[in-house]
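Given next are the chains, with one letter for each unit.
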Amino acid sequence: MDVGGTSERMAEYLRDHHDKVVGRWSELVTARVRGRTSPDEVRREVGDLYSLIIRVLSDADDHALGELRAALDELSRSRARDGFTPSETALGVFSLKEAVYELVADTADLVPEFLVFSRLIDDLGLRTFEAYSAAREQIISDQSNAMLELSTPVVRLWEGIIAVPLVGTLDSARTQLVMEKLLDTLVTTGADHAVIDITGVSTVDTEVAQHLLKTVSAARLLGAECTISGIRPQVAQTIVSLGIEFGDIATKATLADALALALAKAGMKVVPQLWSGCRSSRSGGHCSSPSRSTCKTTPSSAFRRTWLTSWPSRERAG
Amino acid sequence: MDELPIQSGDDVVRVRQQVRGAAAENGLSLVDQTKLVTAASELARNTLVHGGGGVARIEVVKSPNGRTGVKLHFTDEGPGIADVDLALTDGWTSGTGLGLGLSGARRLVDEFELNSKPGKGTSVVVVKWSR
Amino acid sequence: MIIDITAVEIVDSFIGRMLTMIGSISRLFDAETVIVGMRPAVAITLTELGLSLSGVRTALNAEKGLEILNGKS
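Residues numbered from 1 in each chain as written. Chains lettered and ligands numbered in written order. Predicted model: local features only at pLDDT ≥ 70, side-chain atom pairs only at ≥ 80, totals over all residues.

K.L.:
Got a minute to help me understand the interface of chain C and chain B in this structure?
P.N.:
By a widely used convention, the size of an interface equals the accessible area lost when the partners come together. Contacts between the two partners involve 14 residues from chain C, matched on the other side by 18 residues from chain B. Of all the secondary structure elements, the ones that give two or more residues to the side of chain C that touches chain B are helix H1 (13-28) and helix H2 (40-49) of chain C. For the side of chain C that touches chain B, the leading source of residues is H2 of chain C, giving six residues. Taken together, the residues of the side of chain C that touches chain B break down into seven nonpolar, three polar and four charged. (Contact = placed C-beta atoms within 7 Å. Helix = DSSP H or I, 4+ residues; strand = E, 2+ residues; numbered from the N terminus. Nonpolar A, V, L, I, M, F, W, Y, C, P; charged D, E, K, R; others polar.)

K.L.:
What should I look at first to understand the sheet that holds strand S2 (residues 54-62) of chain B in this one?
P.N.:
Note: strands within a sheet are paired through backbone hydrogen bonds, in either parallel or antiparallel orientation. Residues and elements named next belong to chain B. If you trace the five strands from one edge of the open sheet to the other, you get S1-S2-S3-S5-S4, paired in antiparallel fashion. Single-partner strands in this sheet number two, and they are strand S1 (2-6) and strand S4 (111-117). Adjacent strand axes in the sheet meet at a mean angle of 15° when their direction is disregarded. Here eight bridges tie strand S3 (residues 68-76) to strand S5 (residues 121-129), and the two strands are oriented antiparallel to one another. (Pairing = 2+ DSSP bridges. Axes fitted to C-alpha atoms, helices over the stretch in contact; angles between N-to-C directions.)

K.L.:
Looking at this model, I keep getting lost on the nonpolar core. Mind explaining?
P.N.:
Proteins that are soluble and globular tend to have nonpolar side chains buried together. Core analysis: the biggest nonpolar cluster contains 77 residues, and Ala194 and Ala219 of chain A together with Leu36 of chain B have the highest contact counts within it. It is helix H2 (residues 30-49) of chain B that contributes the most residues to this core, eight residues altogether. (Core = buried A, V, L, I, M, F, W, Y, C linked by C-beta atoms within 7 Å. Buried ≥ 20, exposed ≤ 12 C-beta atoms within 10 Å, placed from the backbone.)

K.L.:
Can you help me understand the sheet that holds strand S3 (residues 57-59) of chain C in this one?
P.N.:
Residues and elements named next belong to chain C. A sheet is described by the order of its strands in space; here three strands give the open sequence S1-S2-S3, paired in parallel fashion. For this open sheet the edge positions go to strand S1 (2-4) and S3, each flanked by a neighbour on one side alone. Strand after strand, the sheet turns through a mean of 30° between neighbouring axes, direction not considered. In this sheet, strand S2 (residues 34-36) lies alongside S1 in parallel orientation, the contact comprising three bridges. Each bridged residue has a counterpart across the sheet, and for Ile2 the counterpart in S2 is Val34.

K.L.:
Would you mind showing me how to read the pairing of strand S4 (residues 225-229) of chain A here?
P.N.:
Every regular strand shows the same layout, with side chains that alternate between the two sheet faces. Residues and elements named next belong to chain A. Most of S4 sits inside the fold, with five of its five residues counted as buried. Residues Glu225, Thr227 and Ser229 of S4 are buried on one face, and the alternating residues Cys226 and Ile228, pointing to the opposite face, are buried as well. As paired strands, strand S3 (residues 193-201) and S4 are joined by five bridges and run parallel to one another. For Val195, the partnering residue across the bridge sits in S4 and is Thr227. Handedness of the β-α-β unit built from S3, helix H8 (residues 206-221) and S4 comes out right-handed. Across three bridges, the pairing between S4 and strand S5 (residues 250-252) is parallel. In the strand pairing of S5, Thr227 is matched with Ala250. (Right-handed = clockwise from strand over helix to strand, strands pointing away.)

K.L.:
For this particular structure, what's the right way to read the environment of Val21 of chain A?
P.N.:
Residue and element names in this part refer to chain A. Of note, Val21 is situated in helix H2 (residues 18-33). When the C-alpha positions of Val21 and Val100 are compared, they lie 6.2 Å apart, and in sequence the two are 79 residues distant. When neighbours within four sequence positions are excluded, Val21 is seen to be in contact with Leu14, Ala99, Val100 and Leu103.

K.L.:
Sorry if this is basic, but what is going on with the confidence of the model for chain C here?
P.N.:
Segments scoring low in pLDDT should not have their predicted coordinates read at a detailed level. Chain-level pLDDT for chain C is 89 on average; 97% of the residues reach the 70-or-more range. Looking at the elements of chain C, mean pLDDT is at its lowest for H1 of chain C, recorded as 89, and at its highest for S2 of chain C, recorded as 94. (pLDDT = per-residue confidence, 0-100.)

K.L.:
How should the environment of Thr47 of chain B be read in this particular structure?
P.N.:
All names here are of chain B. Mapped onto the secondary structure, Thr47 falls in helix H2. As for Thr47 and Asp76, which are separated by 29 residues in sequence, their C-alpha atoms are 6.1 Å apart. The contacts of Thr47, once residues within four sequence positions are left out, are Ile6, Gly53, Gly54, Phe74 and Asp76.

And the structure:
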């Protein structure tokens, strides 16, 4: 079978019956589209594809097939964006076969030509399916990246101390992101200490431990020390039974403990503030009592105490 | 596809620069660029020092699902590696140094293929994909 | 001695060895070496490579590096 000649003859036929076929094809597609695209828009898209198909069939130039494929991919993508199902888009392409068949059905001599043409259209229709699923995969990938970003905050706990609360799983993709964000934050804040809280990490196995160790190593290269906090009792058991060694990395049960440790390392101490609101002249404005309730010299508290003890003979305290 | 000779230290630097350019142009993140260039540096140095000089090829590739990647191919006609598995284990060294070249480079890339036979030279192909 | 690698974009095992060697040599002269300004991308790559740069202190920047050398840390 002279495929080349066959295609050329088909191309010629299509050229000769351009208006009729394009018209019928547009009609069929418009019926499928059910108003989501205007008939003029459909006519234009269909017309462009038709010209490209003729070029491919007549083997006019090398770029024709590439251009046709690109045009179809773009069409599939925009249809996908507009909420069309992949079947609808594919059927739109297959409608061309229908339109042509209606014309050639009566003439018996274009059968081999039509077969070759039919195969080309089948390929194109299938291609729209592939383009659709590739577009959906891209959306899913973008969304999961966005989710990853959102679920990895790095917060500043105190001057020079930052915290990374990890929630969920800690796989290698997440670890990469954690390392990047942690290190970037170390650079911008100049922090010396990072607390990695794993309270929210569902499972801690050897792989997760390795990810954590890597993260700590990287932070150390930037001169920061790390503490791992949020090790729940069950998790501690798992770590021990798996034989995971955290070496010289400090570990704490709670974020609070880790913060206290970090503050201590930074040479700071948390002390209760002495109550300095005493206004009694007797105490000279200073009170040795640590809190308001135990102050003996403020008039109002003294009054309250005396009033209570000497009721009902309410005498005012001096 | 770019082909670069590796016959001197300067060539290693040139390979680094070209790989950096290719990685940046094809959508690799900064960290991924750094990893790929570092791997390229390791492999180019290996080609120079252990392979007696060779060639580096840089190619841009596309995955079935549309992702772009950078493929690097290092070849030499040197003595070859007798025990490939041994060479790829951590800490193995053939001479002075930490010997982390091959196994380290492998960890930095997404795909790694090493082919070597004693007397037949060595070929290393690596690929790093954009995310 | 402070080695500022802020401008260094790539640290492979060859350069890593060199830095470790500088650290060892300086210790022979009873001097401490601190490497400062490592870029995050470089730190992540080094960690992946498994290079620990053992025997060399690291700090975020020259200021903190000096603090280490002056014995504050």
